[in-house]
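# Notes for the structure review
Residue strings, one per chain:
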Amino acid sequence: MDVGDTVKEGQVLVSIEPTELQYAVEMQRAAVRQVRAQLGIGPNDPPPSDPTKVALVQRAAADLLDAKQKYDRATLLFQSQLIAQEQVDAAKAKYDNANAARELAVQQVEQLAGQLQSSEATPSLGRQEAG
């Protein structure tokens, strides 16, 4: 069959070997397990509805809190003329970086949750086709 050929209703266009289909399903299941591990959820747990509950985001939030406290402390020390502006600027840069890292972690969790939903749909489709 070539591109542009006329086909009839019900005509087989593609034939997939059951072993190839099983391999594809197993690959998809492995991908699902990997994403679940990254999200820190079990095999039957739903994707997280709140990204802030995922360890990846919680760690980034803790780093952000630490950076904010150091920036606030540096600001106070500067106002008391105990440290140079350069040290305040460095603390502010670390705070800004930690804030960006937390936002990135939230985005990663949301992306992984979407990837999980997409990946889990495929094996069920594969099982239907194989059966």
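Heads up: the structure comes first, above all this text.
Everything in this summary refers to the structure shown in the same document. (Residues numbered from 1 in each chain as written. Predicted model: local features only at pLDDT ≥ 70, side-chain atom pairs only at ≥ 80, totals over all residues. Heavy atoms only, no water.)

## Some remarks on the nonpolar core
Stated formally: The criterion is simple. A nonpolar core is a set of buried Ala, Val, Leu, Ile, Met, Phe, Trp, Tyr and Cys residues joined through side-chain atoms within 4.5 Å. The classification of residues rests on relative accessible area computed with a 1.4 Å probe and restricted to protein chains. Under 20% of the type maximum is buried, over 50% is exposed, and intermediate values are partly exposed. Helix and strand labels come from DSSP, where a helix needs a run of H or I of at least four residues and a strand needs a run of E of at least two; each type is numbered from the N terminus. Any two residues whose heavy atoms approach within 4.5 Å are treated as being in contact.
Counting residues in hydrophobic clusters, the biggest one holds 12 residues: Val32, Val35, Leu39, Ile41, Val54, Val57, Ala60, Ala105, Val106, Val109, Leu112 and Leu116. In terms of residue count, helix H3 (residues 85-130) provides more of this core than any other element does, five residues in total. Ignoring any residue separated from it by four or fewer positions in sequence, one finds Ala105 in contact with Leu56, Val57 and Ala60.

## Some remarks on helix H2 (residues 55-79)
Turn by turn, an α-helix covers 3.6 residues, leaving residues three or four places apart pointing in a common direction. Selection criterion: Under the convention used throughout, the expected extent of a helix is 1.5 Å for every residue step, that is, one less than its residue count.
A rise of 1.5 Å per residue sets the reference length of H2, with its 25 residues, at 36 Å; its end C-alpha atoms lie 36 Å apart and thus fit the reference within 8%. Turning to H2, its buried residues number three or more, namely Val57, Ala60, Leu64, Ala67 and Ala74. Looking one or two residues past H2, Gln81 carries a phi angle of roughly 60°, positive in sign.

## Examining the packing of aromatic side chains
Rules: In summary, the pairing rule links any two rings of Phe, Tyr or Trp, Trp by its six-membered ring, whose centres are within 6.5 Å, and it sorts them by plane angle into stacked for under 30 degrees, edge-to-face for over 60 and tilted for everything else. Here, a charge over a ring means that NZ of Lys or CZ of Arg falls within 6 Å of the ring centre while also lying within 35 degrees of the ring normal.
Under the defined criterion, the tally for this structure stands at one aromatic pair. Pairing Tyr71 with Tyr95 gives two aromatic rings, centres 5.9 Å apart and planes at 10°, and the pair type is stacked. Of this pair, Tyr71 sits in helix H2 while Tyr95 sits in helix H3, and the two are 24 residues apart along the sequence. Looking at Lys68, its charged tip hangs above the ring of Tyr95, at a distance of 5.9 Å from the centre. Sitting over the ring of Tyr71, Lys92 keeps its end group 5.9 Å from the ring centre.

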